[in-house]
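Chain by chain, the residues:
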Amino acid sequence: MPGGFSYKLHSLYENLSKYWYFGNFGQFTYNLKESDKYLVEAKTLFEYNQYLLGFSALEKSDTYFINTLPNLIKAQNKGENISTYRQLLGEAAQKHVEVLTKLKQEVPDSFTWTPEKSLPTHLSLKSAIDNSIKIRDKFL
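The structure contained in this document is the topic of the report that follows. Keep in mind that this is a model prediction, so the values were computed, not measured.

### Re helix α5 (residues 83-106)
Line of reasoning, step 1. With 24 residues, α5 should reach 34 Å at 1.5 Å per residue; the first-to-last C-alpha distance of 35 Å fits that figure.
Line of reasoning, step 2. Listed as buried for α5 are L89, G90, A92, A93, H96, V97, V99, L100 and L103.
Line of reasoning, step 3. Lining the buried residues of α5 we find α2 (23-47), α3 (51-66), α4 (68-77) and α6 (125-137).

### Some thoughts on the pattern of salt bridges
Line of reasoning, step 1. Under the defined criterion, the tally for this structure stands at seven salt bridges.
Line of reasoning, step 2. In this structure, K33 engages E34 in a salt bridge whose closest nitrogen and oxygen atoms are separated by 3.8 Å.
Line of reasoning, step 3. Each member of the salt-bridge network shares a partner with another, and the members are K33, E34 and K37.

### Some details on the packing of aromatic side chains
Aromatic ring pairs are described here by two measures, namely the spacing of the ring centres and the angle between the planes.
Line of reasoning, step 1. Taken as a whole and judged by the stated rule, the model has seven aromatic pairs.
Line of reasoning, step 2. Look at Y30 and Y64: their rings are 5.9 Å apart centre to centre, the planes differ by 85°, and that puts the pair in the edge-to-face class. Of this pair, Y30 sits in helix α2 while Y64 is found in helix α3, placing the two residues 34 residues apart along the sequence.
Line of reasoning, step 3. Of the residues examined, Y64 reaches a relative accessible area of 14% and is grouped as buried.
Line of reasoning, step 4. Among the aromatic residues, ring-to-ring pairing joins F25, F28 and Y85 into one connected group.

Rules of the game
Residues numbered from 1 in each chain as written. Predicted model: local features only at pLDDT ≥ 70, side-chain atom pairs only at ≥ 80, totals over all residues. Heavy atoms only, no water. Helix = DSSP H or I, 4+ residues; strand = E, 2+ residues; numbered from the N terminus. Expected span 1.5 Å × (residues − 1). Buried < 20%, exposed > 50% of the residue type's maximum accessible area, 1.4 Å probe, protein only. Contact = heavy atoms within 4.5 Å. Salt bridge = Lys/Arg side-chain N within 4 Å of Asp/Glu carboxyl O. Phe/Tyr/Trp six-rings, centres within 6.5 Å; stacked < 30°, edge-to-face > 60°.

What follows is the structure in structure tokens.
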């Protein structure tokens, strides 16, 4: 989980590992896997009322999820059959929406995080979750 030294090392490893996934299908798999991972992280953090970290993890999940489709389009433009991957993406989107819908019922509308020596940060949690659902609805 975020905040620890090992998390920073793992983030570095994650950034380097994207180069291990070759080709369009490899990049699709990498982005979907990371999106899943960060959605689980966001869900866990929200459950423990770690709203700032959960909000950040949800944004990362959204970014990785958005990055899945361009790789499929590139593969399709090269004449490759993407039907299996497209179905996988639809199933993942559906499961993500289920998790996000349940999560939306459990978090407050908004949260203001106030650090000791900095200005407060206002987070619109339900708006962020709604945005995440909209992103994934496009893939259903």
